[in-house]
Amino acid sequence: MNKKELVDAIADKMGDKKTATEAVNAVIETIQSAVATGDKVSLTGFGAFEMVHKPARTARNPSTGAEIHVAESWGPKFRPGSDFKELVNTGGKKSSKKK
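About the cut-offs
Here the residue numbering is sequential within each chain, running from 1 through the sequence in written order. Residues qualify for local features only when their pLDDT is at least 70, as the model is predicted, and side-chain atom pairs are given and counted only at 80 or more; totals for whole chains, interfaces and linings, by contrast, use all residues. The basis for the side-chain values is all heavy atoms of the structure; hydrogens and waters are excluded. Each reported salt bridge corresponds to a side-chain nitrogen of Lys or Arg within 4 Å of a carboxyl oxygen of Asp or Glu. Accessibility here uses a 1.4 Å probe with only protein chains present; expressed as a share of the type maximum, an area under 20% marks a residue as buried, one over 50% as exposed, and anything in between as partly exposed. Between any two strands, pairing holds if DSSP finds at least two bridges. Segments assigned H or I by DSSP are reported as helices when at least four residues long, segments assigned E as strands when at least two residues long, and all are numbered from the N terminus. Geometry is summarised by axes, namely lines fitted to C-alpha atoms with helices restricted to the contacting stretch, and by angles between N-to-C directions that run from 0 to 180 degrees. What makes two residues a contact is simply this: any of their non-hydrogen atoms within 4.5 Å. Pairing of aromatic rings covers Phe, Tyr and Trp, the last counted by its six-membered ring, and requires centre-to-centre distances within 6.5 Å; plane angles under 30 degrees mean stacked, over 60 mean edge-to-face, and any other angle means tilted. Roughly parallel means an angle under 35 degrees; roughly antiparallel, over 145; roughly perpendicular, 65 to 115; everything else is oblique. Note on convention: the crossing is left-handed when the near helix lies turned anticlockwise from the far helix by less than a right angle, right-handed when the turn is clockwise.

Caption draft 1: The pattern of salt bridges, seen in detail. Scanning the entire structure with this criterion turns up four salt bridges. The shortest N-O distance in the salt bridge between Asp8 and Lys17 comes to 3.1 Å. In this structure Lys17 comes out as partly exposed when scored by relative accessible area, which is 45%. Here the salt bridges do not stand alone but share partners, grouping Lys4, Asp8 and Lys17 into one network.

In structure tokens, the structure reads:
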């Protein structure tokens, strides 16, 4: 599913494609700016978005075997929540067991 398909699926539930597009864009922009400033975004049952530090390291060029320096960087990380994991593990069917 890409962004357009997500908007269409939400529009089917909400009845308005313009509102669905604005909602999807607002959620994505809000999560991106929060994570970019170092905040953690947790959506209960879905997962958590956060920024992680990747320290500088030495790597190897696979074709030449030469060592190369990889600079430190920061990157986004997503950790799925337990409900999301369970839904994926059951092939999209909600489990009947209660927590």
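Caption draft 2: Region of the structure containing the sheet that holds strand S2 (residues 47-54). Strand order across the open sheet formed by three strands is S1-S2-S5, with antiparallel pairing between neighbours. At either end of the open sheet lies a strand with only one pairing partner, and these are strand S1 (41-43) and strand S5 (73-80). Taken over all neighbouring pairs, the strand axes of this sheet differ in orientation by 25 degrees on average, direction set aside. Sheet analysis places S1 next to S2, joined by three bridges and oriented antiparallel. Across the sheet, the residue bridging to Leu43 is Gly47, located in S2. In this fold helix H2 (residues 17-36) packs onto S1 and S2, with an angle of close to 35 degrees to the strand it touches most, S2.

Caption draft 3: Quick peek at the pairing of strand S3 (residues 57-60). The pairing of S3 with strand S4 (residues 67-70) spans four bridges and is classified as antiparallel. Bridge pairing in S4 links Arg60 to Glu67. Between the end of S3 and the start of S4, which pair antiparallel, lie six residues, with Gly65 showing a positive phi angle near 80 degrees.

Caption draft 4: Representation of the packing of aromatic side chains. Here the structure, examined in full by the defined rule, presents five aromatic pairs. Considering the side-chain rings of Phe46 and Phe49, the 6.4 Å spacing of their centres and the 35 degrees angle between planes classify their relative orientation as tilted. Exposure remark for Phe46: the relative accessible area of 36% places this residue in the partly exposed category. When the ring of Phe46 is compared with that of Phe84, the centres are 5.1 Å apart and the planes differ by 15 degrees; the resulting orientation is stacked. Here the residue Phe46 occupies a position in the loop between S1 and S2, and Phe84 occupies one in helix H3 (residues 82-89), the gap between them amounting to 38 residues. Each member of the aromatic cluster is reached from another via a ring pair, and the members are Phe46, Phe49, Phe78 and Phe84.

Caption draft 5: Fine view of the packing of helix H1 (residues 3-14) against H2. Running from N to C, H1 and H2 cross one another at 125 degrees; their axes reach a closest spacing of 8 Å. If you check the angle between H1 and H2, you find them oblique. H1 and H2 meet at a crossing whose hand is right-handed. Each of Lys3, Lys4, Leu6, Val7, Asp8, Ile10, Ala11 and Met14 in H1 lies in contact with H2, whose residues at this interface are Lys17, Thr19, Ala20, Thr21, Val24, Asn25 and Ile28.

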